[in-house]
Amino acid sequence: MGLAYNTYLNSNRVYGCKGCKTHLANHDDIISRNFRGQHGKAYLFNSVVNIEAGEPSERNMTTGRHVVRDITCRTCGEVVGWKYDKAYESSEKYKEGKFILEAELLCTVS
């Protein structure tokens, strides 16, 4: 399989894993701050880096039924949020392929 190299983001504000400070997302990639996760406030991102996605599972969430995958930090293995694979409600389709990072599990790296 080879070595997995981390991606380092170059931005004025970078969000990282609270546990190990590995870069995860640029502040500019936030689509919405109007989300809640298990640990409280959460952000919807267009893209994230340095994560591993788990197996897809169907979950009933506040906004309906979705197929999601937990995402973990590639470096330390801590769960940092989830990825939306599929939304069943037409009004929620915009989430497909997007990522949720939970604010409580993040730190500001730069």
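Residues numbered from 1 in each chain as written. Predicted model: local features only at pLDDT ≥ 70, side-chain atom pairs only at ≥ 80, totals over all residues. Heavy atoms only, no water.

By the naming in an unreviewed UniProt entry, the protein chain goes by Protein yippee-like and is assigned to Corynascus novoguineensis. Heading Sequence similarities (unreviewed entry) of the UniProt record for the protein chain holds this comment: "Belongs to the yippee family." (UniProt positions renumbered as here; feature names shortened; annotations may be inferred.)

Let us now look at the packing of aromatic side chains. On inspection of all chains with the given rule, the structure shows four aromatic pairs. Residues Y43 and F45 carry aromatic rings whose centres are separated by 6.4 Å and whose planes lie at 75° to one another, so their mutual orientation is edge-to-face. Exposure remark for Y43: the relative accessible area of 10% places this residue in the buried category. On the accessibility criterion, F45 (0% relative accessible area) is buried. With centroids separated by 6.3 Å and ring planes inclined at 80°, the aromatic side chains of W82 and Y84 adopt a geometry described as edge-to-face. An aromatic cluster is present here, built from Y15, Y43 and F45 joined pairwise through their rings. Lying over the aromatic face of Y88, R65 brings its terminal NZ or CZ to 4.0 Å of the ring centre. (Phe/Tyr/Trp six-rings, centres within 6.5 Å; stacked < 30°, edge-to-face > 60°. Buried < 20%, exposed > 50% of the residue type's maximum accessible area, 1.4 Å probe, protein only. Lys NZ or Arg CZ within 6 Å of the ring centre and 35° of its normal.)

With that settled, consider the sheet that holds strand β2 (residues 23-26). Read from one edge to the other, the open sheet built from three strands follows the order β2-β1-β10, with strand pairing classed as antiparallel. Two strands close off the open sheet at either side, each with one partner strand: β2 and β10 (106-108). Sheet twist, expressed as the average angle between the axes of neighbouring strands with direction ignored, equals 35°. As defined by bridge partners, strand β1 (residues 14-17) adjoins β10 across three bridges and the pair is classed as antiparallel. (Pairing = 2+ DSSP bridges. Helix = DSSP H or I, 4+ residues; strand = E, 2+ residues; numbered from the N terminus. Axes fitted to C-alpha atoms, helices over the stretch in contact; angles between N-to-C directions.)

Moving on to the pattern of salt bridges. Two side chains of opposite charge can pair, provided their charged atoms sit close to one another. For the coordinates displayed, the defined rule picks out seven salt bridges. A salt bridge links E52 to R74; its shortest N-O distance comes to 3.6 Å. Remark: R74 occurs in the loop between β7 (64-73) and β8 (79-87) and E52 occurs in strand β5 (residues 51-53); sequence separation between them is 22 residues. Take R74: its relative accessible area is 29%, and that puts it in the partly exposed class. Here E92 and K95 are joined by a salt bridge, their closest N and O atoms 2.5 Å apart. As far as the burial class goes, E92 and K95 line up, both buried. (Salt bridge = Lys/Arg side-chain N within 4 Å of Asp/Glu carboxyl O.)

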